[in-house]
Amino acid sequence: MKFIVSSTALSSHLQAISRVINSKNALPILDCFLFELEDGTLSVTVSDSETTMVTTVEVNESDTNGRFAVVAKTLLDALKEIPEQPLTFYVNTDNYEITVQYQNGKYSLMGQNADEFPQSAVLGDNAVRVEMEANVLLGGINRSVFATADDELRPVMNGIYFDITTEDITMVASDGHKLVRCKTLAAKGNERAAFILPKKPATLLKNLLPKEQGTVTIEFDERNAVFMLESYRMVCRLIEGRYPNYNSVIPQNNPHKVTVDRQQLIGALRRVSIFSSQASSLIKLRMQENQIVISAQDIDFSTSAEETQVCQYAGAAMSIGFKSTFLIDILNNISADEVVIELADPSRAGVIVPVEQEENEDLLMLLMPMMLND
């Protein structure tokens, strides 16, 4: 079996899908790329038994169809060092001996029997299908994946919840302290449906989607989902279980509204949080007429800091405590220049929304408060 392929095309596709591979696998074959050549098209598959990704690479020339597996790390590291040029693969399908020839040399390595590679999951007849623009899906994942949890006791919180209606699609993530709700009117389903996408495949999509144009097709049933991109196809196991009613935890009618420059607030939080208690990272926000005072202290080390920022605020003076790292995370995942922090009282969650929403998008972030000592 012989085929010729571009070195940079192959290397970039292999690098993109190699993130699926776990550092420790129960099955040795899962450390490999599965190469399948059929009618002049090369498909490469990787799997960690729960997530499987396939990419296709056009070959310049090939003789026969065939399949083999090869250790991913060895091939990846070898191809990284080769500049753009044609690579010729010779594969002995009897003993899986592989020779890769390039301009000034060759690599020899051993492949493995492809039949040991696990089959990817097949969706049931009741699978639901939705379509989203690549940039819309990327926007939702980018804004929400940071808020997913790592909770062994409540696995449903460890992923992004896709709430699909006939009018819109809402992506939700929460770890119990912070919550992101990103609703897009640019995509919708044909029926009411929902699924929970685990953090790992969500992160894989986050890395692939910036290079994608056009539409992403998503098909899913109760257990698995298939994401079809232009040159990649991902099958992943979904998180099973009921996602909590996220709308019920979002406080309504928040009378205190603070409008503030996002970048200036992030800068102040970063400077002041250095002096907060390492155990709690507690930071105090005190709102009074048209100014917000950000303060922190660490009683154990007798350090403190305070900074005043201009804002738009006309309500009664009030103070609220937040974990600084969570608040900085939230502000970093909003792209607008200004944000509105909506508050009811110091014991209820703060709602943070951009002043100017992206087109066809309704983004809301929520952060639970921390008790202030004074």
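Just above, that's the structure.
Residues numbered from 1 in each chain as written. Predicted model: local features only at pLDDT ≥ 70, side-chain atom pairs only at ≥ 80, totals over all residues. Heavy atoms only, no water.

1. Points about the overall build of the protein
- Counting its regular elements, the protein contains 6 helices and 25 strands.
- Here the C-alpha coordinates of the protein stretch approximately 80 × 50 × 35 Å along the principal axes.
- Burial statistics for the protein: of 374 residues in total, 53% are counted as buried.
- Here the analysis covers contacts within the protein between residues at least 6 apart in sequence; of these, 65% occur between residues at least 24 apart.
- With an accessible surface of roughly 18200 Å², the protein has 45% of that area assigned to carbon and sulfur atoms.
- Of the charged side chains in the protein, 31 are positive and 50 negative, and the gap between their average positions amounts to 5 Å. (Helix = DSSP H or I, 4+ residues; strand = E, 2+ residues; numbered from the N terminus. Buried < 20%, exposed > 50% of the residue type's maximum accessible area, 1.4 Å probe, protein only. Contact = heavy atoms within 4.5 Å. Areas by Shrake-Rupley, 256 points an atom, 1.4 Å probe, with all protein chains shown as cover. Lys, Arg positive; Asp, Glu negative; His and termini not counted. Charge placed at Lys NZ, Arg CZ, Asp CG, Glu CD.)

2. Overview of the packing of aromatic side chains
- Scanning the model with the defined rule gives 10 aromatic pairs in all.
- Taken together, a centroid distance of 4.6 Å and an interplanar angle of 0 degrees make the contact between Tyr161 and Tyr243 stacked. Of the two residues, Tyr161 sits in strand S11 (residues 159-164) while Tyr243 sits in the loop between strand S17 (232-237) and strand S18 (256-261), which places them 82 residues apart along the sequence.
- Classification of Tyr161 as buried rests on a relative accessible area of 14%.
- Ring geometry for Phe195 versus Phe220: centroids 4.5 Å apart, planes at 45 degrees, classification tilted. Here Phe220 lies in strand S15 (residues 215-220) and Phe195 lies in strand S14 (residues 193-198), a separation of 25 residues in the sequence. Accessibility classification places Phe195 together with Phe220 in one group, the buried group.
- Site record: aromatic cluster; members linked through ring pairs are Phe3, Phe33, Phe35, Phe68 and Phe89. (Phe/Tyr/Trp six-rings, centres within 6.5 Å; stacked < 30°, edge-to-face > 60°.)

3. Here we look at the pattern of salt bridges
- One pass over the full model with this rule turns up 17 salt bridges.
- Glu61 serves as the salt-bridge partner of Lys2, at 3.5 Å between the closest nitrogen and oxygen. Here the residue Lys2 occupies a position in strand S1 (residues 2-6), and Glu61 occupies one in strand S5 (residues 61-62), the gap between them amounting to 59 residues.
- Classification of Lys2 by relative accessible area gives partly exposed; the value is 26%.
- Glu358 serves as the salt-bridge partner of Arg143, at 3.8 Å between the closest nitrogen and oxygen. Residue Arg143 is located in helix H3 (residues 134-144), and its partner Glu358 is located in the loop between strand S24 (350-354) and strand S25 (361-367); the two are separated by 215 residues in the primary sequence.
- Taking relative accessible area as the criterion, Arg143 reaches 12% and is therefore assigned buried.
- Via salt bridges that share partners, Glu36, Arg67 and Asp115 belong to a single interconnected network. (Salt bridge = Lys/Arg side-chain N within 4 Å of Asp/Glu carboxyl O.)

4. A short note on the sheet that holds strand S7 (residues 86-92)
- The strand order S5-S1-S7-S8-S9 describes an open sheet built from 5 strands, whose pairing is antiparallel. Edge positions in the sheet fall to S5 and strand S9 (105-110), since each has one partner strand and no second.
- Here strand S8 (residues 97-102) runs beside S9; their pairing, made up of 6 bridges, is antiparallel. Counterpart to Ile98 in the pairing with S9 is Leu109.
- Seen against the sheet, helix H1 (residues 7-18) touches S1 and S7 and runs at an angle of roughly 85 degrees to S1. (Pairing = 2+ DSSP bridges. Axes fitted to C-alpha atoms, helices over the stretch in contact; angles between N-to-C directions.)

These values are about where atoms sit, not about what they do.
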